[in-house]
Amino acid sequence: MHTQPTASHFINGAYVEDTAGTPIDVIYPATGEVIGRVHSATPAIIDHALNAARAAQAAWAAMTGTERGRILRRAADIMRARNHDLSVLETFDTGKPYQETSVADATSGADALEYFGGMAATLTGEHIQLGDDWVYTRREPLGVCVGIGAWNYPTQIASWKGAPALACGNTMVFKPSETTPLCALKVAEILHEAGAPAGVYNVVQGLGDVGAALVSDSRVDKVSLTGSVPTGRKVYAAAAAEMKHVTMELGGKSPLIIFDDADVENAVSGAIMANFYSSGQVCSNGTRVFVQTGIKEAFLARLTERLGKAVIGDPQDPETSFGPMVSEGQMKIVQGYIAKGQDEGARLVTGGARLDRDGFYLEPTVFADVTDGMTIAREEIFGPVMAVLDFEDEAEVLARANDTEFGLAAGVFTRDLARAHRVVAGFEAGTCFINSYNDAPVEAPFGGVKASGVGRENSKAAIEHYSQVKSVYVRMGDVEAPF
Ligand code: NDP
């Protein structure tokens, strides 16, 4: 693995090590082998990163948007040129098949760098005429942003947070999940190589305690978390104590509704994309698949047939289309949910077992005859487990689809376009799909409502969450005062 980062942290333009920090083993999910080791950030490392980010921020913000954007776009080009090596590393870090990582990770990170790089020069305030007086606004950065990532998309998350933050003139300290510490370091390395001054984008490793230390530090102005709802509640509360800005990209239990008139083949493809991509470890997954009774058996038959074609194996083999879970711990959590599904009376249609090989492999699993109250229909599983629920009519299914604390995503398959738009308008979810599932182009806002999050990533909407507006009143005449 010649692409491995050379030390645990990347701070102030250089790799930094401090072996006094708790060791974190990097485990390859496909074999269970230890393939690397990093160290959790000590208080000195955290201090170094925050000071570097603070010191670099004013000069970075003082550059023109065109200059900042050029660096981000150069980073995008480097990332694309190294897509193969970065994808191999992402596969070692997460276990996701190379077939996926080569098209969905560094490429998606590069899209974000290119998109926000292009936008940096267009960020402006506005002019508001008030008779002879006028107001102008300045769009200003927030300052130092902390990014905290989950383990499912380490390159993408580091880039989706870094690109808009840097485009707006902020600097960043990013903490990856301790399960996947490697990829964010490459993002930092590439940004530095592209010309980002030292301190503009820093990476520190660590467990939740390092995240917590960053969030509560007074040098930090904004926190963007991708993680679970319980962690989101803690991080949001800690940020609120100091009135920091937040973006919360949290979990979900999203509905996917398939009406009788849907094209079965496309609906099955959508359901596969909504449940089995990245072995089901995707926050926006449509894991409650409501299928209208008229199409149910045809849907289940075709789904089972198609899942039989999944190529499960060595994720570095480009032919492999389904890889292991990210960790033994996550695999056990998912096995627990599969057992609960069986105990609570859901019908196991296919899968359900761990594969008899090294690594943390579970079969793609489908339960049918799932009812709304079952645990597997209520809690986020974050694994390759689809719950199929029956429904009869539109109003009923929409109410059931919305009956959850989450609101990240939702999808509908139907040939009736009026119905599709009506259903989508009724969804309590931030990111919706019609006759598709899990597309995440950088041009479109991404994020959740209800417990699934606050704020939006990607698109022009992200700019609102990485900048603030200063309003300046300019009086052209005399000032009137009451006395
Ligand atoms: P966690 O919520 O466990 O962790 C997320 C990150 O927060 C990790 O880096 C973690 O560190 C860190 N962290 C944990 N506790 C604290 C704390 N008190 N203060 C600051 N940081 C803390 O999520 P997972 O990594 O297990 O990821 C899976 C979850 O992420 C799922 O629920 C999924 O839905 C959600 N997710 C949401 C996405 C979205 O965009 N909406 C996208 C992808 C995932 P460490 O792990 O090192 O302890």
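The name that an unreviewed UniProt entry assigns to the chain is Betaine-aldehyde dehydrogenase, with the source organism given as Tateyamaria omphalii. Quoted verbatim from the Sequence similarities (unreviewed entry) heading of the UniProt record, the comment on the chain is "Belongs to the aldehyde dehydrogenase family."

J.: Outline the environment of C183, listing residues and values.
T.: Along the chain, C183 turns up in helix α7 (residues 183–193). Given the relative accessible area of 2%, C183 is considered buried. Sequence spacing of C183 and F92 is 91 residues, and the spatial spacing of their C-alpha atoms is 9.6 Å. Those residues in contact with C183 that sit more than four places away from it in its chain are L89, E90, D93, P154 and T155.

J.: I'd like a description of a nonpolar patch on the surface, backed by residues and values.
T.: A surface patch of nonpolar side chains, about 270 Å² in accessible area, is lined by I128, L130 and Y473. Relative to the elements of secondary structure, Y473 occurs in strand β20 (residues 467–474).

J.: Pulling in residues and values, what's your account of the site of the ligand?
T.: Residues in close proximity to the ligand total 29 residues, the closest being E178, S228, T231, L250 and E380. In this structure, A212 approaches the ligand through a main-chain N or O atom, which is 3.4 Å from a nitrogen atom. One nitrogen or oxygen atom from the main chain of G227 is found 3.3 Å from an oxygen atom belonging to the ligand. Protein contacts shield 86% of the accessible area of the ligand, which totals 900 Å² for the unbound molecule. Secondary-structure elements contributing two or more residues to the shell around the ligand are α8 (208–215), β10 (222–226) and α9 (229–241). Here the residues of the shell around the ligand sort into 13 nonpolar, 11 polar and five charged. Residues lining the shell around the ligand come from more than one domain, with at least three contributed by each of domain 1 (9–251 + 452–470) and domain 2 (255–434).

J.: Can you lay out the state of the cysteines for me, pointing to particular residues and giving the numbers?
T.: A full pass over the atoms with the stated rule returns zero disulfides. There is no disulfide at C432, and the cysteine sulfur nearest it, in C283, is 14 Å away. Residue C432 is classed as partly exposed on the basis of its relative accessible area of 29%.

J.: Residues and numbers for the UniProt feature "active site" (unreviewed entry) in the chain, please.
T.: Within the UniProt annotation, "active site" (unreviewed entry) is assigned to E249. Summarising the element assignment, E249 is placed in strand β11 (residues 245–249). You can call E249 buried: its relative accessible area is 4%. Apart from residues lying up to four places away in sequence, E249 is in contact with L225, T226, G227, L408, F446, G447, G448, S452, G455, R456 and E457.

J.: Let's hear about the packing of helix α14 (residues 394–402) against helix α15 (residues 417–426): which residues, and what values?
T.: Following both chains from N to C, one finds α14 and α15 inclined at 35°, their axes separated by 10 Å at the closest point. The chirality of how α14 crosses α15 is right-handed. Here E394, L398 and N402 of α14 lie close against α15, whose contacting residues are R419, R422, V423 and G426.

Definitions and limits used
- All chains use their own residue numbering, which begins from 1 and follows the written sequence.
- Local features are withheld for residues below a pLDDT of 70 in this predicted model, meaning they are given only at 70 or higher, and side-chain atom pairs are given and counted only at 80 or more; totals for whole chains, interfaces and linings count all residues.
- For side-chain calculations, the full set of non-hydrogen atoms in the structure is used, while hydrogens and water are omitted.
- UniProt positions are given in the numbering used here, feature names are shortened, and annotations may be inferred rather than shown by experiment.
- The numbering of helices and of strands both runs from the N terminus, where a helix is a DSSP run of H or I of at least 4 residues and a strand a run of E of at least 2.
- For the exposure calls, accessible area comes from a 1.4 Å probe over protein chains only, and a residue counts as buried if that area is under 20% of its type's maximum, exposed if over 50%, partly exposed in between.
- When checking whether two residues touch, look at their non-hydrogen atoms; a contact exists if any pair is within 4.5 Å.
- Patch definition: residues above 30% relative accessible area lacking any salt bridge, with like charges linked at up to 9 Å and the nonpolar side chains Val, Leu, Ile, Met, Phe, Trp and Tyr linked at up to 5 Å.
- Calculation of accessible area relied on Shrake-Rupley with a 1.4 Å probe; when residues are assessed, cover is drawn exclusively from the protein chains displayed.
- Salt bridges are identified by distance alone: a Lys or Arg side-chain nitrogen within 4 Å of an Asp or Glu carboxyl oxygen.
- Nearness here has a simple test: a residue counts as near a molecule or strand if at least one of its heavy atoms is within 4 Å of that partner.
- Each polar contact in these results corresponds to two N or O atoms within 3.5 Å; when the atoms are within protein, one needs to be able to donate a hydrogen and the other to accept it, and residues that are neighboring in sequence are counted only if both atoms are side-chain atoms.
- Here the nonpolar group is Ala, Val, Leu, Ile, Met, Phe, Trp, Tyr, Cys and Pro; Asp, Glu, Lys and Arg are the charged ones; every other residue, Gly included, is treated as polar.
- Boundaries of every domain are those given by an automatic assignment or by a domain database.
- Throughout, a disulfide means two cysteine sulfur atoms within 2.5 Å of one another.
- For helices, the axis comes from a line fit to the C-alpha atoms of the stretch in contact; other axes are also lines fit to C-alpha atoms, and the angle between any two N-to-C directions lies between 0 and 180 degrees.
- Handedness of a helix crossing follows the sense of rotation of the near helix relative to the far helix, less than a right angle counterclockwise being left-handed and clockwise being right-handed.

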